[in-house]
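Listed below, chain by chain, are the residues.
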Amino acid sequence: MRKIDRAKYDEKRQHILEAADECFQRNGFRGATIGDICAAARMSPGHLYHYFDSKEAIIEAIFESRLERATAVVGEVTPNDDLITALCEWLVQRMKEVRARGSSLGLEMSAESARNPTIAKISARADRGVRQLLSRLIREGQEREQVDPSLDPDSAAAVLHSIIFGLNRLGNIRDSTFDVKAASDMLKLLLERFLKPAAMRTAKQLRPTVHGENGRKMQARSAAGDRRPAR
């Protein structure tokens, strides 16, 4: 029996995942065929089936690979780093990546989950892995006294996971006027208000960044105690 070269096997497997990811992003899960993936990976179907026995198996491996990368990013946060800032940077980068690709595989799989029970189970496992990672990050932040100790880590992680899903939708917006910088600033403000201990919130952090004439009018009215919408 021929001995498998694990390094070469893993390299070829990753090559297939990257080719498949491109196909899924371009054509969707249903639109992308095994033939498309084989053509993108430059291999025969018989060769591909040595690594994956179905499109569902490929999707599951893609999600596992993404979670591993996210875990590695979290693992690079040092004791001297601010966890909330690191989390903001990660989420903003995620939004920019989705916008650059013009699509989100997570959104595609969410839609497919309603029709495909196997994909539904894969998506549920992937979501659970992300929530566990976020919960671990929140607990670490609480130990460092950077995150509000009154927050339940698992519940807060579920809220953050919903924000990530929403960011995928924002990143997928095909409106050329969409202001990524403004959305990034608002995200940072939201996370600081949600996660930081009350004693660490500064007056500047409690005031949102305003954009445009209406925003300035609303800020001026708010300062004067007038909550009516700007006209």
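Everything numeric here is computed off the predicted structure, so don't read it as measured data. (Residues numbered from 1 in each chain as written. Predicted model: local features only at pLDDT ≥ 70, side-chain atom pairs only at ≥ 80, totals over all residues. Heavy atoms only, no water.)

Asker: Sorry if this is basic, but what is going on with the packing of helix 1 (residues 6–31) against helix 2 (residues 34–41) here?
Answerer: Angle between the axes and distance between the axes are the two parameters that describe a pair of packed helices. Where helix 1 contacts helix 2, the axes come no closer than 9 Å and their chain directions differ by 140°. Our classification of the angle between helix 1 and helix 2 gives oblique. Considering only the axes of helix 1 and helix 2, their crossing is right-handed. Of the residues in helix 2, those in contact with His15, Ile16, Ala19, Ala20, Cys23, Phe24, Asn27 and Gly31 of helix 1 are Asp36, Ile37, Ala40 and Ala41. When grouped by side-chain class, the residues that make up the contact of helix 1 with helix 2 number eight nonpolar, three polar and one charged. (Axes fitted to C-alpha atoms, helices over the stretch in contact; angles between N-to-C directions. Helix = DSSP H or I, 4+ residues; strand = E, 2+ residues; numbered from the N terminus. Parallel < 35°, antiparallel > 145°, perpendicular 65-115°, else oblique. Left-handed = near helix turned anticlockwise from the far one by under 90°. Contact = heavy atoms within 4.5 Å. Nonpolar A, V, L, I, M, F, W, Y, C, P; charged D, E, K, R; others polar.)

Asker: Got a minute to help me understand the packing of aromatic side chains in this structure?
Answerer: Within a pair of aromatic rings, the relevant descriptors are the distance that separates the centres and the angle that separates the planes. As enumerated under the stated definition, the model contains two aromatic pairs in all. The ring of Phe29 carries Lys55 above its face, with NZ or CZ at 4.5 Å from the centroid. (Phe/Tyr/Trp six-rings, centres within 6.5 Å; stacked < 30°, edge-to-face > 60°. Lys NZ or Arg CZ within 6 Å of the ring centre and 35° of its normal.)

Asker: Which parts of the structure should I look at to understand the environment of Phe52?
Answerer: Inspection of the secondary structure assignment puts Phe52 in the loop between helix 3 (45–48) and helix 4 (55–75). Distance in space between the C-alpha atoms of Phe52 and Leu17 is 9.8 Å, their sequence separation being 35 residues. Among all residues touching Phe52, those that are not within four sequence positions of it are Arg13, Ile16, Leu17, Ala57, Ile58 and Ala61.

Asker: So what exactly am I meant to see when it comes to the nonpolar core here?
Answerer: General note: in soluble globular proteins, nonpolar side chains tend to be found buried as a group. Ranked by size, the top nonpolar core spans 26 residues in total, and within it Phe24, Ile37, Leu48, Ile58 and Ile59 carry the most contacts. Residue assignment for this core shows that the elements contributing at least two residues are helix 1, helix 2, helix 4, helix 6 (105–113) and helix 7 (117–143). Among the elements that take part in this core, helix 1 stands out by supplying seven residues, more than any other. Not counting residues within four places of it along the chain, the set of residues in contact with Ile37 comprises Ile16, Ala19, Ala20, Cys23, Phe24, Leu48 and Ile58. The next biggest cluster of nonpolar side chains, apart from the first, holds 23 residues, and it includes Cys88, Val147, Ile164 and Leu195. (Core = buried A, V, L, I, M, F, W, Y, C linked by side-chain atoms within 4.5 Å. Buried < 20%, exposed > 50% of the residue type's maximum accessible area, 1.4 Å probe, protein only.)

Asker: Is there a simple way to think about the packing of helix 6 against helix 7 in this case?
Answerer: Here helix 6 crosses helix 7 at 135°, and the two axes come no closer than 8 Å. Relative to helix 7, the element helix 6 is oriented oblique. In this structure, helix 6 meets helix 7 at a crossing whose hand is left-handed. Only Ile119, Ala120 and Ser123 of helix 7 make contact with helix 6, whose side of the interface consists of Met109, Glu112 and Ser113. Here the residues of the contact of helix 6 with helix 7 sort into three nonpolar, two polar and one charged.

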